[in-house]
Amino acid sequence: MTDIPPGTSAPGEPVAAQAPVLAAAGGLRSERAHLLPTVALAAVIAAVVLGGMGLDRALAAPSAGTLDLGRSLTITAAPGWVLTPSAEGTTSAVQLRKADAILTAQAVDRSYSGDSASVIEEAKKELGDGTAQISFGDVHHSPIGGHDATYVSFQATITTSGRSGVVDGEVIAMVVGGEAVMFELAAPQGRLGSAGDDVQTMLESVRVGR
Amino acid sequence: MSASTEPAAHAPRGAPAPGAGRPAWGVQTSLIQPRQPAFWLYVTLLAIDGYLFVGEQSLMSGHTMAWLLSWVLVLAYAAPVALIVYRLDLFEREPKLVLAAALIWGGVIATSMAGHANEAWLSILGKVASPELAGQWGAAIVGPGVEETLKLAGVVTLFLIVPGEFDGLMDGFVYGAMVGLGFTVVEDVSYFITAVAAVPGTVDQSGPVFDTFLIRVVGGGLYGHVLFTGLTGLGFAYIATRRSAALSGRVWRGGLCIAAGVAAHAIWNSPLMEGILATSGGVAPSTLQWLEYGVVKGMPFLLLLGLLVLLATRSEEKTFRSIVVGEPDPWLITEPEMASLRSLWARRAGRAAAGQARGPAGSRALGRLQAAQIEYAMIRSRTGSPMDPALEAQRQAIRAIRSELAALPHVSRPVGAPAPVTWQPVVGPLLVPLPVAEPAPTAEPVPVPAQAGAPTYLVPAGGVFAWDAPDPTRQPIAVLPEHTELVVLARAGEWARVGAAGGSTWWVDGRLLVPQL
């Protein structure tokens, strides 16, 4: 066996008698040496999280402004919501988009039986007829901005251009100044939540012209 | 693989010189390091994000049944994954507290921060590019950048707290995979509950949970955050631990690995290849479609990770060899035993063979022998000196298990195989209990050539293992005592068929025989 075992001093080699002291000093150096990388790491984390949030607030969000829904109804788009290209130029319905959430707003141009609940029932029927797989939640009735409003959530599997996907959504019907308006909000599964506040603001912005 | 009984004391080919850049495997560092600045970074972020996490879970628990079911399902998925990742680290397994810290970083800190950061950066993308781009490609552009940065930050934080626990590539993979696992568990629960909340009228809350579980875990469970952060962690470990390589090379190769992790995440999140999920009539894609979708998008990266983990394991094996080299007792870890420690499969095969030969007790004893040999390497690495009392105690433990193994009776032998040799633990010249072969008649005794001038050999000090066939997967049937005089009857590669006085023949590692002058 010719190998010198690791950690064994060769004959005549001085023994490291002050090893503990040196180890302690090495430990301190190591902790100081880690300060700068830790600060750099914290800066990276802050840049990703706080920097992103700050930059988002600093950048002005494009907005479609106030839009005509027809039948003298108008809606003011919340910051970040813009008209989808296919919907631009139309007056009877508007389609707004922010990230992957889409809000379609349309004045109901036919007679209805009196309240938002009846509009919702009609909308559910139309959606159910046009979608193979759709399930609705409970219908809720609650005023929005002082106007009669009814809403229902749904989950549907839709197929467009040969691609299928699960969509979460809500249908909202409102009666403003005697005119009914229907909204349909949809987003890919799991991505609806962040649009909620914006949609609430936009619903409250619906006005009827005189 | 040679069937050599070459003991560990023989330096293996390609093994580093003893002590050269050898990691301190046997030293486990506590996570609690108040003098390390990164420890306080971890604690601070845990306090902030832990508060947010509790709030979010509390909100989700409003859907009580769905929330409980979600946790049961994700934990049923996470527990075996964690065990596999833990056990893939074959030699120096990481401290459990540090592994728990990695899981918590992924599940609590990274998920909470990513929730806010993703939303902000998606919004920024919509403003500076277009809402359409943000809608269609936002998850593929923003998700990997934000989430992989925040998850890898967890691996780096742990490295800064306990740098001694990062000895090689495997450690980067293990910590990265654990961070990724924590992330995916909490993210999945969030997705399950969102699916339930989207259908508030649903009486049976389990439906949306199971549907989402099918898509995210059954369809894509192999290709998620464990894979992504396993790759980035491995890349970071390459940069941080391969100190012998030039910095530029480390950054280049490690950076490539990190880029692969980010790319895997981006491709997974992208709308590419969604044609696989196409259905007609608006019906939901089938489970088979989801599986195919997952395989096409994720399998190439999973294979890449598998290859890198294999290379990391080889590197760990080399380290193991460099630690045990120089052991004065050649029978503590023999070469075949060393080879059988190199993978989970080889270890299992070894235990299965022992179980076949000596029953369940033999399998268990070999398992304990393997564990004791690895523990020996840990102590050896920690102590440095081969004469350390702890090391000597471990040697005795190994010898005791070996004796126990040798004393177990054979339970079966192949038809036509030589009669089993009685194994008797004895104290050899190196104070090693060695199983000694009694002269056993072979199925076809071959007379030893007696012609004058035939070259003869001697068994070297410590003896050699002997097999009944030149097959390294079989158990040795005997140990030939040192100084036994042998005649080589035939050679097959490194194997030699030898005969001894009395007509017995065996197969041995011919390289170990000492020519008699």
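A few points on the structure. (Residues numbered from 1 in each chain as written. Chains lettered and ligands numbered in written order. Predicted model: local features only at pLDDT ≥ 70, side-chain atom pairs only at ≥ 80, totals over all residues.)

A few points about the overall build of chain A
Helices and strands together make up the secondary structure of chain A, namely four helices and ten strands. Going residue by residue from the N terminus, the α and β elements of chain A occur as α-α-β-β-β-β-β-α-β-β-β-β-α-β. Put simply, chain A has 210 residues, and 33% of those count as buried. Of the contacts made within chain A by residues no fewer than 6 positions apart, 48% connect residues no fewer than 24 positions apart. (Helix = DSSP H or I, 4+ residues; strand = E, 2+ residues; numbered from the N terminus. Buried ≥ 20, exposed ≤ 12 C-beta atoms within 10 Å, placed from the backbone. Contact = placed C-beta atoms within 7 Å.)

Regarding the sheet that holds strand β2 (residues 73-76) of chain A
Residues and elements named next belong to chain A. Taken in spatial order, the three strands make up an open sheet running β1-β2-β10, and their pairing is antiparallel. The outermost strands of the open sheet, each flanked by one partner alone, are β1 (66-70) and β10 (207-208). Bridge analysis of β2 against β10 gives two bridges, and the strand direction is antiparallel. In the sheet register, L73 faces β10, and the bridge partner there is V208. (Pairing = 2+ DSSP bridges.)

A look at unusual backbone geometry
Within the chain, M273 of chain B stands out as a residue other than glycine whose phi angle is a positive 60°. With respect to the helices, strands and loops of the structure, M273 of chain B is situated in the loop between α8 (247-269) and α9 (287-324).

What to know about the sheet that holds strand β7 (residues 495-500) of chain B
Residues and elements named next belong to chain B. Ordered by their spatial adjacency, five strands build an open sheet running β8-β7-β6-β3-β9, and the pairing between neighbours is antiparallel. Looking at the sheet topology across the chains shown, the edges are occupied by β8 (505-509) and β9 (514-515). Two strands pair when backbone bridges link them, and strand β3 (residues 456-458) and strand β6 (residues 485-492) are joined in this way by three bridges, in the antiparallel orientation. The residue of β6 that forms the bridge with Y457 is L486.

Notes on helix α4 (residues 131-161) of chain B
Along α4 of chain B, the largest kink reaches about 80° and is centred on W137 of chain B. Within α4 of chain B, 24 of the 31 residues are buried, leaving the element largely enclosed by the surrounding structure. (Bend = angle between axes of the 7 residues up to and from the residue.)

Examining the environment of V119 of chain A
Residues and elements named next belong to chain A. Assignment of secondary structure puts V119 in helix α3 (residues 116-130). The class for V119 is buried, based on 24 C-beta atoms found within 10 Å. Along the sequence, V119 and Y151 sit 32 residues apart, while their C-alpha atoms lie 9.8 Å from each other.

Here we look at the pairing of strand β4 (residues 93-98) of chain A
Residue and element names in this part refer to chain A. One ladder, built from two bridges, connects strand β3 (residues 82-83) with β4; its direction is antiparallel. Its bridge partner lying in β4, L83 is registered against L96. As defined by bridge partners, β4 adjoins strand β5 (residues 101-107) across six bridges and the pair is classed as antiparallel. Its bridge partner being in β5, Q95 is matched across the sheet by T104. Hairpin connection between β4 and β5: a loop of two residues separates the two successive antiparallel strands, and A99 in this loop has a positive phi of roughly 50°.

Quick notes on the packing of α8 of chain B against α9 of chain B
Residues and elements named next belong to chain B. It is the contact of α8 with α9, at a shortest axis distance of 9 Å, that shows an interaxial angle of 160°. Considering the angle they form, α8 stands roughly antiparallel to α9. Here α8 and α9 pass one another in a crossing that is left-handed. Residues C257, A260, A264, I267 and W268 of α8 form the contact with α9, whose participating residues are K297, G298, F301, L304 and L308. (Axes fitted to C-alpha atoms, helices over the stretch in contact; angles between N-to-C directions. Parallel < 35°, antiparallel > 145°, perpendicular 65-115°, else oblique. Left-handed = near helix turned anticlockwise from the far one by under 90°.)

A look at the nonpolar core
Counting 162 residues, the largest nonpolar core has V181 of chain A together with A102 and M178 of chain B as its most contacted members. Among the elements that take part in this core, helix α5 (residues 169-197) of chain B stands out by supplying 19 residues, more than any other. Not counting chain neighbours up to four residues away, the residues in contact with V181 of chain A comprise L69, L73, A105, Q106, A107, V108, M174, V176 and V206 of chain A. V459, V464, I477 and V479 of chain B belong to the second-largest nonpolar core, a separate cluster that totals 18 residues. (Core = buried A, V, L, I, M, F, W, Y, C linked by C-beta atoms within 7 Å.)

A look at the packing of helix α7 (residues 225-241) of chain B against α8 of chain B
If you want to describe how two helices pack, look at the angle between their axes and the distance between the axes. Residue and element names in this part refer to chain B. It is the contact of α7 with α8, at a shortest axis distance of 8 Å, that shows an interaxial angle of 170°. Between α7 and α8, the angle falls in the class roughly antiparallel. Residues L227, F228, T229, L231, T232, L234, G235, F236, Y238 and I239 of α7 lie in contact with α8, whose contacting residues are R250, V251, R253, G254, G255, C257, I258, A260, G261, V262, A264 and H265. Along the lines of polarity and charge, the residues of the contact of α7 with α8 split into 13 nonpolar, seven polar and two charged. (Nonpolar A, V, L, I, M, F, W, Y, C, P; charged D, E, K, R; others polar.)

Section: the pairing of β7 of chain B
All names here are of chain B. Of all six residues in β7, five are buried; the element is thus mostly enclosed. Bridge analysis of β6 against β7 gives six bridges, and the strand direction is antiparallel. The partner of V487 across the bridge, within β7, is G499. Hairpin geometry of β6 and β7 is characterised by an intervening segment of two residues between the two adjacent antiparallel strands and by a positive phi of about 65° at G493. In terms of strand pairing, β7 meets β8 through five bridges, oriented antiparallel. Bridge assignment links W495 to a residue of β8, and that residue is D509. Between β7 and β8, which follow one another and run antiparallel, lie four residues, and G502 among them has a positive phi close to 105°.

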